[in-house]
Amino acid sequence: MYKVINRFKEKNHDDHIYEVGDNYPADGKKLVKSRAEALTEIHEEYGVAFLKALEEPKKAITKQAPKQPSTDEKSDA
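What you see is a predicted model; the values in this text were computed from it and never measured.

What to know about the side chain of Glu10
In step 1: Along the chain, Glu10 falls in strand β2 (residues 8-10).
In step 2: Classification of Glu10 by relative accessible area gives buried; the value is 0%.
In step 3: Engagement of the side chain of Glu10 in a polar contact is seen with the side chain of Arg35, the distance being 2.9 Å.
In step 4: When near neighbours in sequence (up to four residues on either side) are disregarded, Glu10 contacts Asp15, His16, Tyr18, Tyr24, Arg35 and Leu39.

Next comes the structure, spelled out in structure tokens:
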């Protein structure tokens, strides 16, 4: 996901205006990774970047505890 850091009009999203703090892409708009990455770089004409890449939330990894023998089981002793 990306966060808007400078206001801009996205020509690839029907001229949608992205305001500072908005998520990119807007709901219902398609993410084109190469376009988003280009917008994270300083634009030659404007001298600013328009997006900042955010870290994807990491999925929690859960470990299963090893199976313990049931106390209800009878031993052969």
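Past the structure itself, the notes keep going.
What to know about the packing of aromatic side chains
In step 1: The final tally for this structure, using the stated rule, is five aromatic pairs.
In step 2: Ring plane angle 55° and centroid distance 5.4 Å describe the contact between Phe8 and Phe50, whose orientation is recorded as tilted. Within this pair, whereas Phe8 is found in strand β2, its partner Phe50 is found in the loop between α1 (33-39) and β5 (51-53), the two being separated by 42 residues in sequence. Of the two residues, Phe8 and Phe50, both sit in the buried class.
In step 3: Here the aromatic rings of Tyr18 and Tyr24 are separated by 5.0 Å at their centres, their planes lie at 55°, and the arrangement is tilted.
In step 4: Judged by relative accessible area, which is 0%, Tyr18 ranks as buried.
In step 5: Overall, Tyr24 belongs to the buried group, its relative accessible area being 2%.
In step 6: An aromatic cluster of three or more residues is present, and its members are Phe8, Tyr18, Tyr24, Tyr46 and Phe50.

Some words on the environment of Lys30
In step 1: Inspection of the secondary structure puts Lys30 in the loop between β4 (23-24) and α1.
In step 2: A relative accessible area of 66% places Lys30 in the exposed class.
In step 3: Considered as a pair, Lys30 and His13 are 17 residues apart in the sequence and their alpha carbons are 8.2 Å apart.
In step 4: The contacts of Lys30, once residues within four sequence positions are left out, are His13 and Pro25.

Re the pattern of salt bridges
In step 1: All told, the structure shown has three salt bridges when counted by the stated rule.
In step 2: Here Glu19 and Arg7 are joined by a salt bridge, their closest N and O atoms 3.0 Å apart. In this pair, Glu19 sits in the loop between β3 (16-18) and β4 while Arg7 sits in the loop between β1 (2-4) and β2, placing the two residues 12 residues apart along the sequence.
In step 3: By relative accessible area, which is 35% here, Glu19 ends up partly exposed.
In step 4: Between Asp14 and Lys29 there is a salt bridge; the shortest N-O distance is 3.6 Å. A residue pair is termed long-range when its members are at least 10 positions apart, and Asp14 in the loop between β2 and β3 and Lys29 in the loop between β4 and α1 qualify at 15 residues.
In step 5: For Lys29, a relative accessible area of 29% translates into the label partly exposed.

Scoring rules and cut-offs
Residues numbered from 1 in each chain as written. Predicted model: local features only at pLDDT ≥ 70, side-chain atom pairs only at ≥ 80, totals over all residues. Heavy atoms only, no water. Helix = DSSP H or I, 4+ residues; strand = E, 2+ residues; numbered from the N terminus. Buried < 20%, exposed > 50% of the residue type's maximum accessible area, 1.4 Å probe, protein only. Polar contact = N/O pair within 3.5 Å; in protein donor to acceptor, adjacent residues only side chain to side chain. Contact = heavy atoms within 4.5 Å. Phe/Tyr/Trp six-rings, centres within 6.5 Å; stacked < 30°, edge-to-face > 60°. Salt bridge = Lys/Arg side-chain N within 4 Å of Asp/Glu carboxyl O.

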